Amino acid sequence: MKILLIEDEEETARYVADGLTRQGHVVDQAANGRDGLFLAAGEPYDVMIVDRLLPGLDGLGVVKTIRGAGVKTPVLFLTAVDGVDDRVEGLEAGGDDYLVKPFAFTELAARVNALGRRPTLAQNGAVLRIGDLEMDLSRRTVVRGGRSVELQPREFRLLEYLMRHPGQLVTRTMLLEHVWDFHFDPRTTVVETHISRLRGKLGSDGEQTLIETVRGAGYRLRDARPLA
Amino acid sequence: MRVHWPDLVRTTSFRLALLYAGLFAVSALTLFAVIYWAATATLVDQIDAGLEAERAALEAQSSVGGTAEMQDAVTEHMRRPGNRFHYRLQDTSGRLLAGDLPPEAARHPGYHDMERPPDRAGRADADNIPRQIRAFAEALPDGAFLVIAEDAHALDELRELIARAFAWGAGATLLLAALGGGVMSAGVLRRVEAINRASERVMAGDLTRRIPVRAQSRAGDEFDRLAVNLNRMLDRIEGLVEGLRQVSTDIAHDLRTPLGRLRRTLETARDGAPEGADPDYLAQIDRALGEADALLTTFGALLRIAQIEAGAARRGFGPIDLSAVLEAVLEVYGPAAEEKGQTLAGRLTPGIAVIGDRALLTQMVANLVENAIRHGPAGTRIELVLMPPSGNRGVEVTVSDDGPGIPEGERGNVFRRFYRLDSSRGTPGNGLGLALVAAITELHGITIRLTDNTPHGLSVRLAFAIRPTEVVEGSFGRDRI
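All of the points below concern the structure found in this document. (Residues numbered from 1 in each chain as written. Chains lettered and ligands numbered in written order. Predicted model: local features only at pLDDT ≥ 70, side-chain atom pairs only at ≥ 80, totals over all residues. Heavy atoms only, no water.)

All names here are of chain A. The strand order across the open sheet formed by 4 strands is β6-β7-β8-β9, and the pairing between neighbours is antiparallel. Two strands in the sheet have a free side with no partner beyond their single neighbour: β6 (127–130) and β9 (147–149). Between one strand axis and the next, the sheet turns by 20° as a mean value, whatever way the strands run. Direction of pairing for strand β7 (residues 133–136) relative to strand β8 (residues 141–144): antiparallel, over a ladder of 4 bridges. Counted as the bridge partner of glutamate 134 is valine 143 from β8. Across the face of the sheet, helix α6 (residues 153–164) comes into contact with β6, β7 and β8 while running at roughly 115° to β7. Across the face of the sheet, helix α8 (residues 190–202) comes into contact with β7, β8 and β9 while running at roughly 155° to β9. (Pairing = 2+ DSSP bridges. Helix = DSSP H or I, 4+ residues; strand = E, 2+ residues; numbered from the N terminus. Axes fitted to C-alpha atoms, helices over the stretch in contact; angles between N-to-C directions. Contact = heavy atoms within 4.5 Å.)

Below, the structure is given as structure tokens:
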């Protein structure tokens, strides 16, 4: 993916750029809002990572401006402070996701990947299909290997989120934010519990575990074709 | 402000007013005594002079000195038109020789006042003699006794007039002094009350509150000076508290950067580990990363509390479906409780809306439910109840469990930052969960109360203020706890 990083903190910028480059992305960098705006206007990017606090034109201003110009590139905001309503402000300005510094690189990478491969509305079919798993969004039904799976509404949303990001790492916080709308870190193993329940409902003996655990990072829905 | 009379009577200024009235009354009394004495003395002198002149006239007419001449003189004077005197001339045996005064008028020689008792019929002046008289008596050389008297009614009237005037004057003075004292006290009390109210608000935690000072043009009395001084003191206290808060926030903020760097370095070390590295070595790095994350979480929570306390989030307030928030918390934590062998149940009235910050209210309820799950043993029953407003009470949320509970003496402490019960020191946690809950309730005007749950356990009651709530649609499950 081609990624634009607008970050004035040199150390963070290097850390993020190095990590993303190692993952095979192409990263352009800007150290202030004006340069960032210039780059964003000139070239198409898959994802933009924008620090909220920038010298000169701040992150919110940059994103508002490029949105005003009709650029639809997904934007991930970075911020130094976990402001209570900073998140809402960021989203209102046209940001798509929000990450508080300091962050684990895996968290950032997972979010960037999720943003970059976000299916656009046109690609949204009424049925999601991953391997032998099938989800009918309009009829709210799930079928695995021809067997119907009964899910609670929230479990349905959890599986839907995983199925919309097949093969990608989905972190615990991403699930909390997108599935349950929780914007804090619970101190109990709620996500783990829900995942293990979903696994129990989806998989039975002889079938593969569809939801893999990525140790210390999150989960991944297997994108492999079903074994014959 | 309403002035309460019992309060008023206790005030210093009222007592001063009363003392002032007392002193004033004493000086008025002295004045009265002087006026009374001077006025009556003058009148007495006048009467006495008249009596003396009459005696001299009588004596001149009976210059021979005989009792018979005196008898004639008295009789002649009595017949004179316009005579205002009364007389009694008696011989040594007390027999009346001339005059109209009764026998009791003949007393010792010299001047004296006399009040005649009413006669049997009850009429004092049946014999045409006034009741109040001032008399002059004199023994004549031959043993006869002469009494000359004048009506002293005017003297009596004067005395009465002065006394009445004084009584009215003193009464009015005392009344005015009391009223003036009351008005003065009320004015003073009002200003003292303003200072009291402001200091109560400050003690309740509103450090931005100041004592009202009157407009500059009218300012300058002692109360204004006191208010200005107290306000300066409050400025200083606010500055100090703000500084303290700022320091802890700054520490949390400033330490996040090096901690983040540490975290980053550890991450780089782990990710850059050579193929086939010692798994123990990698596990150590993972543990260090976990520690760094825990520290960052603690600092994050501290900053969040500071930010909520600063009231910044109020900008993001809006109507929120509280029922849906609690429903989500139930749904998220239900399985986690089950996994620990506990039950999490809810009795939620649907469609309850409140004004607030959705994310914060979710976290508030989630923290309380988490606490119950984490500190309760297997088998603990946790219940989440949402009740609609009724009567004079607003929306109420109750999180109760039959776990170990919190000892009564500790209940005030658990909302303090980093405070942990001895019994929970073994469990993971940073001691900020309830401090955050307290900050969120404060921001939303929610009253939080910890009580015993019967037969044991803890019940946390969150009472929303009445004003911003409304029931969106029909409700069921209104049964009381």
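What follows deals with helix α1 (residues 10–22) of chain A. For α1 of chain A, spanning 13 residues, the distance from its first C-alpha to its last is 18 Å, which sits close to the expected 18 Å at 1.5 Å a residue. Restricting attention to buried positions, one finds in α1 of chain A the residues Thr12, Ala13, Tyr15, Val16, Ala17, Gly19 and Leu20 of chain A. Where α1 of chain A is buried, its residues contact β1 (2–6), β2 (26–30), β3 (47–51) and α5 (105–116) of chain A together with α5 (222–271) of chain B. Just beyond α1 of chain A, the residue with positive phi is glycine 24 of chain A, at close to 95°. (Expected span 1.5 Å × (residues − 1). Buried < 20%, exposed > 50% of the residue type's maximum accessible area, 1.4 Å probe, protein only.)

With 91 residues, the main nonpolar core has Leu175 of chain A together with Tyr333 of chain B as its most contacted residues. Contact partners of leucine 175 of chain A, with chain neighbours within four places excluded, come to Leu158, Tyr161, Leu162, Val170, Trp180, Val191, Ile195 and Tyr219 of chain A. Within the second largest apolar cluster, 19 residues are counted, among which are Ala13, Tyr15, Leu20 and Ile49 of chain A. (Core = buried A, V, L, I, M, F, W, Y, C linked by side-chain atoms within 4.5 Å.)

Taken together, the side chains of Leu16, Leu19 and Leu23 of chain B present a nonpolar region at the surface, about 320 Å² in accessible area. One can find leucine 16 of chain B in helix α2 (residues 12–61). (Patch = residues over 30% accessible without salt bridge, like charges linked within 9 Å, V, L, I, M, F, W, Y side chains within 5 Å. Areas by Shrake-Rupley, 256 points an atom, 1.4 Å probe, with all protein chains shown as cover. Salt bridge = Lys/Arg side-chain N within 4 Å of Asp/Glu carboxyl O.)

At the junction of the two partners, chain A supplies 34 residues and chain B supplies 39 residues. Buried area between chain A and chain B, summed over both chains or domains, comes out near 3,200 Å², and the portion from carbon and sulfur atoms is 52%. Across the contact surface, chain A and chain B share 6 salt bridges. Arginine 261 of chain B is the salt-bridge partner of glutamate 11 of chain A, the closest N and O atoms lying 3.2 Å from each other. The interface formed by chain A and chain B contains 11 residue pairs in polar contact (both at pLDDT 80 or more). For the side of chain A that touches chain B, the elements supplying multiple residues, two or more each, are α1, α4 (86–92), α5 and α8 of chain A. (Buried area = accessible area lost by both parts, 1.4 Å probe. Polar contact = N/O pair within 3.5 Å; in protein donor to acceptor, adjacent residues only side chain to side chain.)

Enumeration over the complete set of coordinates arrives at 7 aromatic pairs over all chains. Taken together, a centroid distance of 5.4 Å and an interplanar angle of 45° make the contact between phenylalanine 32 of chain B and tyrosine 36 of chain B tilted. Of this pair, phenylalanine 32 of chain B and tyrosine 36 of chain B both sit in helix α2, 4 residues apart, roughly one helical turn. Site record: aromatic cluster; members linked through ring pairs are Tyr15, Phe103 and Phe105 of chain A. A cation over an aromatic ring shows up here: lysine 2 of chain A above the ring of tyrosine 45 of chain A, its NZ or CZ 5.1 Å from the ring centre. We note arginine 264 of chain B situated over the ring of tyrosine 15 of chain A; from NZ or CZ to the ring centre the distance is 4.8 Å. (Phe/Tyr/Trp six-rings, centres within 6.5 Å; stacked < 30°, edge-to-face > 60°. Lys NZ or Arg CZ within 6 Å of the ring centre and 35° of its normal.)

With that settled, the discussion passes to the pattern of salt bridges. Any two side chains of opposite charge can pair, so long as their charged atoms come close to each other. Residues and elements named next belong to chain B. Counting across every chain of the model gives 45 salt bridges over all chains. A salt bridge links aspartate 402 to arginine 381, with the shortest nitrogen-to-oxygen separation between them at 3.4 Å. With aspartate 402 in the loop between β10 (396–401) and α9 (433–444) and arginine 381 in strand β9 (residues 381–387), the pair connects residues that are 21 residues apart, well separated along the chain. On the accessibility criterion, aspartate 402 (18% relative accessible area) is buried. By relative accessible area, arginine 381 is classed as exposed at 56%. Across the pair glutamate 396 and arginine 393 runs a salt bridge, and its minimum N-O distance is 3.8 Å. Arginine 393 matches glutamate 396 in its accessibility class, with the two residues each being buried.

Once that is clear, we can look at the pairing of strand β4 (residues 75–79) of chain A. All names here are of chain A. Buried residues dominate β4, accounting for 5 of its 5 residues. Going residue by residue along β4, you find Val75, Phe77 and Thr79 tucked away on one face and Leu76 and Leu78 tucked away on the opposite face as well. Both β3 and β4 contribute to a ladder of 4 bridges, which runs parallel. The residue of β4 that forms the bridge with aspartate 51 is leucine 78. One crossover worth recording links β3 to the parallel β4 by way of helix α3 (residues 59–68), and it is right-handed. With 4 bridges connecting them, β4 and strand β5 (residues 97–100) associate as parallel partners. Its bridge partner being in β5, leucine 78 is matched across the sheet by leucine 99. (Right-handed = clockwise from strand over helix to strand, strands pointing away.)

Our next topic: α6 of chain A. Residue and element names in this part refer to chain A. For α6, with 12 residues, the first-to-last C-alpha span of 16 Å sits near the 16 Å given by 1.5 Å per residue. Judged by how many residues are buried, α6 sits mostly within the fold: 10 of 12 residues are covered. For α6, every residue scored as buried is listed here: Arg154, Glu155, Phe156, Leu158, Leu159, Glu160, Tyr161, Leu162, Met163 and Arg164.

Moving on, we get to unusual backbone geometry. Residues and elements named next belong to chain A. Cis geometry marks the peptide bond from lysine 101 to proline 102, where omega comes out at -5°. Relative to the helices and strands, proline 102 resides in the loop between β5 and α5. Phi at arginine 140 is positive, roughly 55°, even though this residue is not glycine. The topology assignment puts arginine 140 in the loop between β7 and β8. Its relative accessible area of 46% is what places arginine 140 among the partly exposed residues. The backbone of aspartate 181 shows a phi angle near 60°, a positive value even though the residue is not glycine. Overall, the relative accessible area of 29% leaves aspartate 181 in the partly exposed class.

Attention now moves to the sheet that holds β3 of chain A. All names here are of chain A. With respect to topology, 5 strands assemble into an open sheet ordered β2-β1-β3-β4-β5, the strand pairing being parallel. Every other strand in the sheet has two partners, leaving β2 and β5 as the edge strands with one partner each. Neighbour-to-neighbour, the strand axes of this sheet turn through a mean angle of 20°, independent of strand direction. Bridge analysis of β1 against β3 gives 4 bridges, and the strand direction is parallel. Looking at β3, one finds that isoleucine 3 is bridged to valine 47.

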